[in-house]
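Spelled out from the first residue to the last, the chains are:
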Amino acid sequence: SGICLSYLYTAVMQDFFGVIPDAAFGYSLGENSMMFATGIWTQADAMRTSLETSPIFHERVSGRQAAIREYWGITENGDGESIWSNYVLMAPYEKVLETIHPGEHAYITHINTPRQVVIGGEEEACRRVADEINCMRLKAPYNHAIHCPPVESEFDHFVHLHHWPVENEPEIPVYSSAGYGQLKLDSRAVAESFAQMLTKPIDFPRLVNHAYEDGARIFIELGAGSNCSKWVDAILRDRRHVSAAINQVNVDDHVSILKLLAKLISHRISLDLLPLTA
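Note that the structure is predicted; figures quoted are calculated from it, not measured.

1. Here we look at the overall build of the protein
- Along the backbone of the protein there are 12 helices and nine strands.
- Scaling as 2.2 N^0.38, a compact globule of 278 residues should have a C-alpha radius of gyration of about 19 Å, and the protein matches this with 20 Å.
- Across its three principal axes, the protein shows a C-alpha extent of roughly 65 × 40 × 35 Å.
- The 278 residues of the protein split such that 47% are buried.
- Put simply, the protein shows about 14,400 Å² of open surface, and 51% of that area lies on carbon and sulfur atoms.

This is the structure:
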């Protein structure tokens, strides 16, 4: 559903209103959405079938989480329940890193902003880290495990899941958190980049700063919600930029789109507004 929304919102902006991007990047699994939205991948039904039949998100990193049990040396099979928790911490990366004890079953999985980090691991270990830092925290509503050492064993499986033909090569740079540079648009290289991205922590500020250094100034979030656009604002702060989201929680989609168009017009972005009069 996330890929579908990103694809449709991209089509709305490009095909209806004539907003042509100069670059593209995604956040975590949003890189999948980026690949379809830019036309690099087209076999969405085949990928959906592959994901549905793969044990990765049913029993390896989700479900009973066999990959995590193997990494932690848990020999009992368990009852199918997750043994993993994720927490969002309002704290700087350096503080979180120094609070995690060596060998502890807690890992930094995402750096969202200079002051927001996601950790994952054993419930008790994650709560201890949050308590010691004494920061605002939120337990995430999902318990799958990615972007951390315990899932590195799944690298080859992730390669297989993302080994799809490159159908089109856009004329714009496409960035990835695997290497924090432009993605090499070769089928095997793309698959390995995705596997690397999914088994290593995500440093979103590094990705945003790289795009900014290459000249990006206007950031449009085309997925569901508006988290990434808020994070871009937090990352770039006093630097000249604009960030906006096409979808907002508890706001009608038509209203969100009009607000986005108005914001782009105010920053002198050329648009085709004729679809609004049809």
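2. Some remarks on the side chain of serine 6
- Within the secondary structure layout, serine 6 lies in helix α1 (residues 2-16).
- Note on serine 6: relative accessible area 9%, which makes it buried.

3. Describing the sheet that holds strand β7 (residues 202-203)
- Read from one edge of the open sheet, five strands run β4-β1-β3-β2-β7, paired in mixed fashion. If you trace the sheet from one side to the other, it starts and ends with β4 (137-139) and β7, each paired once.
- In this sheet, β4 lies alongside strand β1 (residues 85-89) in antiparallel orientation, the contact comprising three bridges. Directly across from tyrosine 87, in β4, lies its bridge partner lysine 139.
- In this fold helix α11 (residues 227-236) packs onto β2 (106-113) and β3 (116-121), with an angle of close to 80 degrees to the strand it touches most, β2.

4. Describing the packing of α1 against helix α2 (residues 30-37)
- Contact pair α1 / α2: the axes reach a minimum separation of 9 Å and the direction vectors enclose 40 degrees. Taken as axis vectors, α1 and α2 run oblique relative to one another. You can see that α1 and α2 cross each other, and the crossing is right-handed. Along its contact with α1, which presents Gly2, Ile3, Ser6, Tyr7 and Thr10, the element α2 presents Asn32, Ser33, Phe36 and Ala37.
- Tallied by class, the residues present in the contact of α1 with α2 amount to four nonpolar, five polar and no charged.

5. Digging into unusual backbone geometry
- Although it is not a glycine, histidine 147 adopts a positive phi angle of roughly 60 degrees.
- In this structure, histidine 147 sits in the loop between β4 and α8 (155-161).
- Of the residues examined, histidine 147 reaches a relative accessible area of 0% and is grouped as buried.
- In this structure, arginine 237 takes a positive phi of about 40 degrees despite not being glycine.
- One can find arginine 237 in the loop between α11 and β9 (242-245).
- Overall, the relative accessible area of 61% leaves arginine 237 in the exposed class.

6. What to know about α11
- The complete set of buried residues in α11 reads Cys228, Ser229, Trp231, Val232, Ile235 and Leu236. Projection of α11 onto a plane perpendicular to its axis shows the buried side chains occupying an angular sector of 160 degrees, all on one side.
- For α11, the secondary structure elements touched by its buried residues are β2, β3, α10 (204-213), β8 (218-221) and β9.
- In the stretch just after α11, arginine 237 is the one whose phi turns positive, near 40 degrees.

7. Quick word on the environment of valine 166
- Topologically, valine 166 is positioned in the loop between α8 and β5 (175-176).
- Residue valine 166 is classed as partly exposed on the basis of its relative accessible area, which comes to 21%.
- Dropping the residues within four chain positions of it, valine 166 is found in contact with Ile40, Leu185, Asp186 and Ser187.

8. Re the packing of α1 against helix α12 (residues 253-266)
- At a minimum axis separation of 13 Å, α1 and α12 run at an interaxial angle of 45 degrees. Relative to α12, the element α1 lies oblique. Here the hand of the crossing between α1 and α12 comes out right-handed. Two secondary-structure elements touch here, α1 through Tyr9, Val12 and Met13 and α12 through Asp253, Ile257, Leu260, Leu261 and Leu264.

9. Some remarks on the nonpolar core
- Counting 48 residues, the largest nonpolar core has Met35, Trp41, Phe204 and Phe219 as its most contacted members.
- Elements with a contribution of two residues or more to this core: α2, α5 (66-72), α8, α9 (187-199), α10 and α11.
- It is α9 that provides the largest number of residues to this core, a total of six residues.
- Once residues lying within four places of it in the same chain are set aside, the contact partners of tryptophan 41 are Asn32, Met35, Phe36, Met47, His162, Trp164, Pro165, Val190 and Phe194.

About the criteria used
Every chain begins its residue count from 1, and numbering advances along the sequence as written. Reporting of local features is limited, given that this is a predicted model, to residues whose pLDDT is at least 70; pairs of side-chain atoms are given and counted only at 80 or more, and all residues count toward the totals for whole chains, interfaces and linings. For side-chain calculations, the full set of non-hydrogen atoms in the structure is used, while hydrogens and water are omitted. In this text, helices come from DSSP runs of H or I with a minimum length of four residues, and strands from runs of E with a minimum of two, each type numbered from the N-terminal end. Using C-alpha atoms as the atom set, the radius of gyration is obtained and then compared with a globule rule of 2.2 Å times the number of residues to the power 0.38. Exposure is judged per residue with a 1.4 Å probe applied to protein chains only, and the accessible area is read against the type maximum: over 50% gives exposed, under 20% gives buried, and values in between give partly exposed. In these tables, accessible area is a Shrake-Rupley quantity obtained with a 1.4 Å probe, and a residue counts as shielded only by the protein chains included in the view. Two strands qualify as a pair provided DSSP detects at least 2 bridges between them. In what follows, a contact means two residues having at least one pair of non-hydrogen atoms within 4.5 Å. Each axis is a line fitted through C-alpha atoms, and for a helix only the stretch in contact is used; angles between axes span 0 to 180 degrees, taken between their N-to-C directions. Working rule for angles: under 35 degrees goes down as roughly parallel, over 145 as roughly antiparallel, 65 to 115 as roughly perpendicular, anything else as oblique. For any pair of crossing helices, the crossing counts as left-handed if the nearer helix is rotated counterclockwise from the farther one by less than a right angle, and right-handed if it is rotated clockwise. We call Asp, Glu, Lys and Arg charged. Ala, Val, Leu, Ile, Met, Phe, Trp, Tyr, Cys and Pro are nonpolar, and the rest, Gly among them, are polar. The arc refers to the directions leading from the helix axis to the C-beta atoms. By nonpolar core we mean a set of buried residues, namely Ala, Val, Leu, Ile, Met, Phe, Trp, Tyr and Cys, connected to one another through side-chain atoms within 4.5 Å.

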